[in-house]
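Close look at the chain arrangement
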Amino acid sequence: MDTPRYFQPRYDAVIVGARCAGAATAMLLARAGMNVLAIDRQAYGSDTMSTHALMRTGVVQLKRWGLLPAVMAAGTPEIRATTFHYGCESLRLSIKPEYGVEYLCAPRRTVLDRILVDAARSAGADVHHGVVLSRLQINSKSRVVTAVLSDADGNSTAIRSDIVIGADGRQSTVAALVKASTYLNGQSATGYVYGYYEDLERYGYHWHFAENVAAGVIPTNHGQHCVFVSVPGTAFPATFRGNVEGAFLQVLAANSPHLSDDVSRARLVRRLRGFAGVPGHLRQSHGPGWALVGDAGYFKDPLTAHGITDALRDAELLARAILDGKTLETYQRQRDVLSEPLFHDTEEIASFRWNLDEVKTLHASLSASMQAECEYMAGLPAPVRREPQTRSGTSDRNATLASEAC
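Keep in mind the model is a prediction, meaning the values are calculated, not measured. (Residues numbered from 1 in each chain as written. Predicted model: local features only at pLDDT ≥ 70, side-chain atom pairs only at ≥ 80, totals over all residues. Heavy atoms only, no water.)

**Considerations on the side chain of threonine 82**
- Here threonine 82 lies in strand E3 (residues 81-86).
- By relative accessible area, threonine 82 is classed as buried at 8%.
- There is a polar contact of 3.0 Å between the side chain of threonine 82 and the side chain of tryptophan 207. (Helix = DSSP H or I, 4+ residues; strand = E, 2+ residues; numbered from the N terminus. Buried < 20%, exposed > 50% of the residue type's maximum accessible area, 1.4 Å probe, protein only. Polar contact = N/O pair within 3.5 Å; in protein donor to acceptor, adjacent residues only side chain to side chain.)

The following block contains the structure:
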């Protein structure tokens, strides 16, 4: 149950969105002594569409933040191998110990998001669910200075803040209100249908690729596997219209008849869900008094299952820029250097304009980019800690945030 509504009139940072990117940013800023408010329109601990799969960089960060034990204690299975299936050929890769982690994991969002929110609250952040951003107030110097919030009862509250951070997804309200420009647009979009299955025997991650189709099997909590199929976005309506479950099994069979047979014998928990797909983007992610993090600023097709890792990485990059007194341009530049190779490889994979030898090459390129990303993030020093302050106080760092874009 969410905490009773109470907002202070002023915060160092207001974060709109309290899932992976937003809750992680709130936690990191609050741990460093900042007075932080995070809000989310959805209920605490609610589910959301996700592939769940964390890559090594994400696991490294959860361990560094002290949250990995809680994730694993929730019954999240250890992933110690990943297998790529190219038609009839299979390539199994063991997860080797590196950067202090020995396995990967794929927690349900009902587990991971809750743990991140709890960590943010434990650090001193105010986190409220069932609250939305109505509008932003901008001063005469074009700086965002106030976030106007509304709850389900129609109550409206104006909160002053040194920075408003949009962590509210690819359809970000913050991005729309500040008119954040998009400077890199994706061209590829794949459509997905996915569900959760019990009594399915699969060890580790499994990624299947065949002509114009793909699929994945991801072990997650409660003894379940998230199973998805993917087709080009243009083919999605015709493929799944009228008989979603039958088409789901047919696309699985096009990837692997054996997998399709096993899934047909497993037990589907609740129902299949779909996502028609949208192109990716890189947006301008900072301006006077505002910043974007997670899908609000950077989104790519889910086929490479890197979205949660992106969110955790960028939360840390943004928090470090704020805490270290760097310009937010530094945050965006670091994000883009790490993101653009992943974005372009994902675009090519999601286009389905490849043969099996070509998609192997794309995966090798993607793996190299993920390795470079992990090396960079694992090598970062501990973030600078701000001095503790009273709730009504304003530190020198606040003055820097307030002045740098005036």
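From this point, the narrative continues.
**With respect to the pairing of strand E7 (residues 144-151)**
- Summarising burial for E7: eight of the eight residues are buried, a large majority.
- As judged from the seven bridges shared by strand E6 (residues 131-138) and E7, these two strands associate in the antiparallel manner. When the sheet's bridge partners are listed, leucine 136 is paired in E7 with alanine 147.
- Note that E7 and strand E8 (residues 156-166) share five bridges and pair antiparallel. From the neighbouring strand, threonine 146 faces E8, where its bridge partner is arginine 160.
- Counted between consecutive antiparallel strands, the loop separating E7 from E8 contains four residues, among which glycine 154 sits at a positive phi close to 90 degrees. (Pairing = 2+ DSSP bridges.)

**So, empty space enclosed by the protein**
- Overall, the coordinates contain two cavities of 30 Å³ or more when judged by the stated rule.
- When its volume is computed, the largest cavity comes out at roughly 50 Å³.
- For the largest cavity, the full set of lining residues is Ala18, Arg19, Asp40, Ala43, Tyr44, Gly45, Ser46, Asp113, Arg114, Val117 and His129.
- Per-element accounting of the lining of the largest cavity gives the leading share, three residues, to helix H4 (residues 109-122). (1 Å grid on protein atoms, 1.4 Å probe; cavity = no way out; pocket = protein on both sides within 12 Å on 5 of 7 lines; lining within 4 Å. Points joined across faces, edges and corners; volume = space filled by probe spheres on them.)

**Examining the sheet that holds strand E9 (residues 182-185)**
- Taken in spatial order, the three strands line up as E9-E15-E18 in an open sheet, and their pairing is antiparallel. Two strands in the sheet have a free side with no partner beyond their single neighbour: E9 and strand E18 (298-299).
- For strand E15 (residues 281-283) and E18, the ladder comprises two bridges, and the chain directions are antiparallel. Looking across to E18, one finds that leucine 282 is bridged to tyrosine 298.

**A word on the side chain of glutamine 224**
- With respect to the secondary-structure elements, glutamine 224 resides in the loop between strand E12 (213-219) and strand E13 (225-232).
- For glutamine 224, a relative accessible area of 8% translates into the label buried.
- Within the local environment of glutamine 224, its side chain forms a polar contact with the side chain of arginine 108, the two groups lying 3.3 Å apart.

**A short note on the packing of helix H2 (residues 56-64) against helix H11 (residues 356-378)**
- At a closest axis distance of 9 Å, the pairing of H2 and H11 adopts a crossing angle of 15 degrees. Regarding the angle of H2 to H11, the classification is roughly parallel. In this structure, the crossing between H2 and H11 has a hand that is right-handed. Two secondary-structure elements touch here, H2 through Arg56, Thr57, Val60, Gln61 and Arg64 and H11 through Met370, Glu373, Cys374, Met377 and Ala378.
- A breakdown of the residues in the contact of H2 with H11 according to their chemical character gives five nonpolar, two polar and three charged. (Axes fitted to C-alpha atoms, helices over the stretch in contact; angles between N-to-C directions. Parallel < 35°, antiparallel > 145°, perpendicular 65-115°, else oblique. Left-handed = near helix turned anticlockwise from the far one by under 90°. Contact = heavy atoms within 4.5 Å. Nonpolar A, V, L, I, M, F, W, Y, C, P; charged D, E, K, R; others polar.)

**Describing the packing of aromatic side chains**
- This model, assessed by the stated rule, comprises twelve aromatic pairs.
- Between the aromatic rings of tryptophan 207 and phenylalanine 228, the centroid separation amounts to 6.4 Å while the plane-to-plane angle is 45 degrees, which identifies the pairing as tilted. With tryptophan 207 in strand E11 (residues 205-210) and phenylalanine 228 in strand E13, this pair connects stretches of sequence that are 21 residues apart.
- According to the relative accessible area criterion, tryptophan 207 is buried, its value standing at 6%.
- Taken together, the ring pairs in this structure connect Phe84, Tyr86, Phe209, Phe352 and Trp354 into an aromatic cluster.
- The aromatic ring of tyrosine 196 is capped on one face by arginine 108, whose charged end is 3.8 Å from the ring centroid.
- Here arginine 114 stacks its cationic end above the ring of tyrosine 44, 4.6 Å away from the centre of that ring. (Phe/Tyr/Trp six-rings, centres within 6.5 Å; stacked < 30°, edge-to-face > 60°. Lys NZ or Arg CZ within 6 Å of the ring centre and 35° of its normal.)

**Observations regarding the environment of glutamate 89**
- As for its position among the elements, glutamate 89 is in strand E4 (residues 89-94).
- C-alpha separation for the pair glutamate 89 and aspartate 295, spaced 206 residues apart in sequence, amounts to 34 Å.
- Discounting chain neighbours no more than four positions away, the residues touching glutamate 89 are Phe84 and Lys360.
- Within the structure, the side chain of glutamate 89 is placed 2.6 Å from the side chain of lysine 360, a separation counted as a polar contact.

By themselves, these figures tell us nothing about what the structure is for.
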